[in-house]
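Observations on the model geometry
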Amino acid sequence: MEGAMDAARRFFRLDLETKMRVRRRKMRDECDDRDNDDDGGGGKGGGGGYQAELIELSDKLLLALGRSLNHDPNGPSGGGGAAVAEDYFVSRSRKPMCTLRLLHYPPVDDCDGGDGGASGSLGCGAHTDYGLFTILQQDSIGGLQVRNRGGRWIDAKPLKGSFVINVGDMLSRWTNSEYASTVHRVVSRGGDRYSVPFFFNPDFDAVVKPLRKEGLEESERGPDDDGDGGGQTALEILKDRYNGTFTKIEMKS
Ligand SMILES: O=C(O)CCC(=O)C(=O)O
Ligand SMILES: [Fe+2]
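Here we summarise the structure given alongside this text. (Residues numbered from 1 in each chain as written. Chains lettered and ligands numbered in written order. Predicted model: local features only at pLDDT ≥ 70, side-chain atom pairs only at ≥ 80, totals over all residues. Heavy atoms only, no water.)

Our focus in this paragraph is unusual backbone geometry. Glycine aside, a negative phi is what most residues show, and trans is what most peptide bonds show. Of note, the phi angle at Asn-176 is positive, near 55°, even though the residue is not glycine. One non-glycine residue, Ser-177, adopts positive backbone phi at about 70°.

Written out as structure tokens, the structure is:
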């Protein structure tokens, strides 16, 4: 964990020209670091090795997700439909699309817009992430807040050696909101802040459609046969979201 954060600090100290030379991966590129122990492009311990560990952790989360939806959906806590196979998400995330991002929030002089940090001092506005889930490492500065169901902003205080896991819109859509997207933001606390989010998405051709609603027998389907002839693939969903974001930015400028 420390290695990735150090890599972020080192990267942002580089001059602009060097930073601009770093190419972004294409959206459809798969994370191929499952067995990769080298340090990738991010410096010692900062890139590939860290990402390989995050993919391992993601596999555990995917299994836990499948297990959590494996109970009878027609029971007291279910929403109808069929139980989800334990390996439902694992089997659709064998060549996942993921992005490891290094973020730097420079200090903001005016830390408080007079409203306790609700405006004028945001490091990152309120949003939900697009993908399945995000594994986020933050430094000790703080400022990350999560909105609870009552609409209150709760500080996600940095805890050494821990991650924050945010549910993304794709997981929310896939689970028919049993897992609701995490609305979050970053309020500037006035100092340099670094964070390392890892955005995890399933295979590009995984079909994403609300589960446990249609009464489809999960056990009767193979991993690539969602049996509905519809739904959107993970790649299509991500492309739509990215296109929507860039259209909005163009219209504003
Ligand atoms: O920097 C953080 O703690 C959060 C970053 C974030 O929410 C994002 O990049 O989507
Ligand atoms: Fe986010």
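This part is about the environment of Ile-135. With respect to the helices and strands, Ile-135 occurs in strand E4 (residues 133-138). A relative accessible area of 1% places Ile-135 in the buried class. With 86 residues separating them along the chain, Ile-135 and Gly-49 place their C-alpha atoms 15 Å apart. The residues touching Ile-135, leaving out its near neighbours within four places in the chain, are Leu-54, Leu-57, Ser-58, Leu-61, Phe-163, Val-164, Ile-165, Val-196, Pro-197 and Phe-198. (Helix = DSSP H or I, 4+ residues; strand = E, 2+ residues; numbered from the N terminus. Buried < 20%, exposed > 50% of the residue type's maximum accessible area, 1.4 Å probe, protein only. Contact = heavy atoms within 4.5 Å.)

A few words on helix H1 (residues 2-13). Here H1 spans 17 Å end to end across 12 residues, near enough to the 16 Å set by a 1.5 Å rise per residue. Of the positions making up H1, those classed as buried are Ala-4, Met-5, Ala-7 and Ala-8. With its buried residues spanning 155° around the axis, H1 presents them on a single face. (Expected span 1.5 Å × (residues − 1). Arc of directions from axis to C-beta.)

This part is about the coordination of the iron ion (ligand 2). Within the protein, the iron ion (ligand 2) binds to His-127 (NE2), Asp-129 (OD) and His-184 (NE2); these donor distances fall in the range 2.1 to 2.2 Å. On the primary sequence, the residues serving as donors to the iron ion (ligand 2) are separated as H-x1-D-x54-H. Here His-127, found in strand E3 (residues 122-127), pairs with His-184, found in strand E8 (residues 184-187); they are 57 residues apart in sequence, far enough to count as distant. With relative accessibility at 5%, the residue His-184 sits in the buried group. (Donors = N, O, S within 2.8 Å, 3.2 Å for Na, K, Ca; no water.)

As defined by bridge partners, strand E5 (residues 144-147) adjoins E8 across three bridges and the pair is classed as antiparallel. Note that in E8 the partner of Gln-145 across the bridge is Arg-185. Between the antiparallel neighbours E5 and strand E6 (residues 153-155) lie five residues, among them Gly-151 with a positive phi of about 85°. (Pairing = 2+ DSSP bridges.)

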